[in-house]
Amino acid sequence: MTALRTLSRAMFYGFVRDRTAVFFTILFPLMFLFLFGGIFKDQSAPRPKVAEIGQVQLLDAMPAAARQQLAKALDLTQTADRASALERVRKGDLAGAVEQQGGLVTIHYSVGDQVKAATVQGVLQALVQQANVAATGAPPRFRLAGQQVEDQSLKTIQFVTPGLLGWAIATGATFGAALTLVTWRQKKILRRLRLAPVRTATVVGARVGVSMAVALIQTAIFIGIARTPYFGLQLSAWWWLSVPLVLAGTLAFLSIGLLVGAFAKTPESASAAVNLIVLPMGFLSGAFFPLDNAPGWLQAVSKVLPLRYLVDGMKNVMVRGDGPASIMAPIGLLLAFALLLSLLATRLFRWDDV
Amino acid sequence: MGNIIQITDLRKRYGEVAAVDGVTFAVAEGEFFGILGPNGAGKTTTLEMVEGLREPDSGEVWVLGQRAWPRNPRLLSRIGVQLQGSAFFERLTAREQIETFGALYGVDSHRSDLMLETVGLTDKAGTRVEQLSGGQAQRLSLACALVHDPEVVFLDEPTSGLDPQARRNLWDLLRDINRQGRTVVLTTHYMDEAEALCDRVAIMDNGRIIEMGPPVALVRGLDAPVRVSISSGRLDPALTAALPGVDSVEDDGVSLVLSTRTPDALLAALVEHGALDGLQVRGATLEDLFLARTGREYRA
Ligand SMILES: Nc1ncnc2c1ncn2[C@@H]1O[C@H](COP(=O)(O)OP(=O)(O)OP(=O)(O)O)[C@@H](O)[C@H]1O
Ligand SMILES: [Mg+2]
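Now for a description of the structure that goes with this document.

Rules of the game
Residues numbered from 1 in each chain as written. Chains lettered and ligands numbered in written order. Predicted model: local features only at pLDDT ≥ 70, side-chain atom pairs only at ≥ 80, totals over all residues. Heavy atoms only, no water. Helix = DSSP H or I, 4+ residues; strand = E, 2+ residues; numbered from the N terminus. Buried < 20%, exposed > 50% of the residue type's maximum accessible area, 1.4 Å probe, protein only. Contact = heavy atoms within 4.5 Å. Areas by Shrake-Rupley, 256 points an atom, 1.4 Å probe, with all protein chains shown as cover. Rg over C-alpha atoms; globule rule 2.2 N^0.38 Å. Lys, Arg positive; Asp, Glu negative; His and termini not counted. Charge placed at Lys NZ, Arg CZ, Asp CG, Glu CD. Near = heavy atom within 4 Å. Polar contact = N/O pair within 3.5 Å; in protein donor to acceptor, adjacent residues only side chain to side chain. Nonpolar A, V, L, I, M, F, W, Y, C, P; charged D, E, K, R; others polar. Patch = residues over 30% accessible without salt bridge, like charges linked within 9 Å, V, L, I, M, F, W, Y side chains within 5 Å. Salt bridge = Lys/Arg side-chain N within 4 Å of Asp/Glu carboxyl O. Pairing = 2+ DSSP bridges. Axes fitted to C-alpha atoms, helices over the stretch in contact; angles between N-to-C directions.

Moving on: the overall build of chain B. Helix and strand counts for chain B stand at 11 helices and 14 strands. For chain B, the spread of C-alpha atoms along the three principal axes comes to 75 × 45 × 40 Å. The burial tally for chain B puts 51% of its 300 residues in the buried class. Contacts spanning at least 24 positions in sequence make up 66% of the contacts within chain B whose residues lie at least 6 apart. With the model as given, the accessible surface of chain B reaches about 13,300 Å², and the carbon-plus-sulfur share is 46%.

Looking only at helices and strands, one finds 14 helices and 4 strands in chain A. Taking 2.2 N^0.38 as the reference for a compact globule, 354 residues should give roughly 20 Å; the C-alpha atoms of chain A span a radius of gyration of 29 Å, well beyond that estimate. Each principal axis of the C-alpha atoms in chain A carries an extent, and together these give about 100 × 40 × 35 Å. Here chain A holds 354 residues, and 44% of them are scored as buried. Residue pairs in contact within chain A that sit at least 24 positions apart in sequence constitute 77% of those at least 6 positions apart. Of the roughly 18,600 Å² of accessible surface on chain A, 63% is carried by carbon and sulfur atoms. For chain A, the separation between the mean place of its 33 positive charges and that of its 18 negative charges on side chains is 15 Å.

Before going further, it helps to spend a moment on the environment of Leu-59 of chain A. Take Leu-59 of chain A: it is sitting in helix H3 (residues 57–60). Taking the C-alpha atoms as reference, Leu-59 of chain A lies 52 Å from Ala-168 of chain A; in sequence the two are 109 residues apart.

It is worth spelling out the environment of Val-23 of chain B at this point. All names here are of chain B. Inspection of the secondary structure assignment puts Val-23 in strand E2 (residues 17–28). C-alpha separation for the pair Val-23 and Pro-263, spaced 240 residues apart in sequence, amounts to 38 Å. Sequence-distant contacts of Val-23, defined by excluding residues within four places in its chain, comprise Ile-7, Thr-8, Asp-9, Leu-10, Thr-46, Met-204, Gly-207 and Ile-209.

Our next topic: the site of ligand 1. Near ligand 1 lie 15 residues; those nearest to it are Asn-39, Lys-43, Thr-44, Thr-45 and His-189 of chain B. Neighbouring residues of ligand 1 are distributed over chains A and B. Contact distances for ligand 1 include 2.9 Å between an oxygen atom and a backbone N or O atom of Gly-42 of chain B. The side chain of Gln-84 of chain B places a nitrogen or oxygen atom 2.9 Å from an oxygen atom of ligand 1. Sorting the residues of the shell around ligand 1 by element identifies E2 and helix H1 (43–51) of chain B as the ones contributing at least two each. Here the shell around ligand 1 gets 3 residues from one element, more than from any other, and that element is H1 of chain B. A breakdown of the residues in the shell around ligand 1 according to their chemical character gives 6 nonpolar, 7 polar and 2 charged.

It is worth spelling out a nonpolar patch on the surface at this point. Residue and element names in this part refer to chain A. A cluster of nonpolar side chains, Phe-23, Phe-24, Leu-27 and Met-31, forms an exposed patch at the surface whose accessible area comes to about 340 Å². With respect to the element layout, Met-31 can be found in helix H2 (residues 19–39). Classification of Met-31 as partly exposed rests on a relative accessible area of 46%.

Quick look at unusual backbone geometry now. Residues and elements named next belong to chain B. Geometrically, the link from Trp-69 to Pro-70 is a cis peptide bond, its omega value of -5 degrees lying close to zero. Here Pro-70 is to be found in the loop between strand E5 (66–67) and helix H2 (73–76). A positive phi angle, close to 45 degrees, is found at Asp-9, a residue other than glycine. Residues other than glycine seldom take positive phi values, yet Arg-91 does so here, at roughly 60 degrees. With respect to the helices and strands, the residue Arg-91 is situated in the loop between strand E6 (79–82) and helix H3 (94–104).

Residues and elements named next belong to chain A. Taken in spatial order, the 4 strands make up an open sheet running E2-E1-E3-E4, and their pairing is mixed. In this open sheet, the two strands that pair with only one neighbour each are strand E2 (75–79) and strand E4 (104–109). Sheet twist, expressed as the average angle between the axes of neighbouring strands with direction ignored, equals 25 degrees. Bridge analysis of strand E3 (residues 96–101) against E4 gives 6 bridges, and the strand direction is antiparallel. Residue pairing in the sheet places Gln-100 in a bridge with Val-105 of E4. Its contacts with the sheet put helix H5 (residues 82–91) on strand E1 (49–53), E2, E3 and E4, and the angle it makes with E3 is roughly 145 degrees. Running at roughly 170 degrees to E4, helix H6 (residues 114–136) makes contact with E1, E3 and E4 of the sheet.

Okay, here's the thing in structure tokens:
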């Protein structure tokens, strides 16, 4: 067997036999996928809660179909206890409480949540108007028709998958490089390698190859799970362009790992340093939630982070359906970043602890 | 037979510490050479410079006719190294370790089974290194150093931390390696190990070689008295004083210890008195030599 193949095998076995490493590079990001993609799957604004105090003729007289329609807008409950209903409105537990005396429908609301208060008022206003028109016996002059259009907005899973995958790849590659370097230095394997007629390029090549393989495995598992009906990820035709992106991203994060490995003395401090770098980067790069509504400073910070380009590029080709042109800039920036940091890491590289 | 290793006035400082302070020696082909000394004597530093792992501050190192520094891959493929404490890839089995190290030297993976057999680890082939005992790990480490059939082998304290039985097993293994024609350079803390294994030994202290030569010759050259001890109370004190050739007498209540340079006459006299109960005769050892040269007890 060649030195490259055998060293790669040694690194790969070292990885897959390390339960902690497998957990943090594969299972941990998947847990986030379940969290974001699964639990927040049918996310929409909750309906305002409204209490109906005693008999409210306006609502009770509605036909069943209309009542159902109303339930989509308001979460109605009935109560006989007026005092407690008003107290709950005051505390903000209820968006409003309705009561009716003769022709007067009163809505009690607080301005704690103005949007909900306005919604409740609007809905009841419409009902009162409707009842008024009906009372005149004349047919209504204007009618509103609803027409549903195809939903084009990005579902949660659509932006969560590329984001979390990018973060998972960043974690895996950075940990891989940093921990290999630190443990191999600490366990004298680096020294031992230097005593064998093997070229440095072979050792580095093995690490790069293994990390790329791990990143592609992560990608396959992630996309595979997100595509199941439970999550319902829809891939665009250009999704496979994420492969070159993943490889370029792996190089960029390997270089960060090398830099960490050049400084850290123990595996523990290397892990801590990697976490300190990659986890905040996930938040700042839009890996966990979109940056569209983020403040300007955050958008600016994200522009110097490699994860931003990895995540953006993957969103472009995986779910937005952009073509090859959309990954040129991200790949170029990732490679430039990798080159710069690798040069720095090479200068700081140490064979020995002391 | 030429010299396989030639070292001249080797020096290495770490800040204030002169770790190696002017070391000169040569090792002949097929020789079993030992570097003996207490902790911090400079054994590892010397060995690492000979292997080409560290750059000497000054001095020259030639191994197999080539300079050891800067790193020289052609030389590296002809030497085998076992570092102090073992260096293993994490979570690989014994066989995978040997295969991996072998591949670094372009050695076919078939050889790993042979190496496992050589060091008696065939039944541990599938065991991960983390689960090997200290002695098994040392033997595996040796197998990894020998996998490419090197001409010269450097072993840094290959038996430290082993129980007496495991140490003796390893000694046999090391003798075999040497008998196959390989030059062996080993460092050790243990005087008895150096005496048992080495053709020649260099005793190091504070970065310098204080004595060098075959262990037996070194001890003989010391011209130290032989210590004869018998059970205390077997001999009348008056008789003790009259024994022939006794330089000094010590009695700790358990043993009576007599130092002599003429053991023949003394032992004959003891036989005559019928006082051989608990007899022990101990010649000088390398420890006495160390004490004589440094004025300090040898503590490994
Ligand atoms: N990398 C280093 N940096 C600073 N000092 C060092 C370094 N390596 C060794 N030393 C010092 O050099 C001296 C010789 O160390 P060396 O490791 O060669 O001793 P040794 O004879 O191998 O000891 P031991 O039997 O404990 O292995 C010691 O005083 C040690 O503290
Ligand atoms: Mg040492």
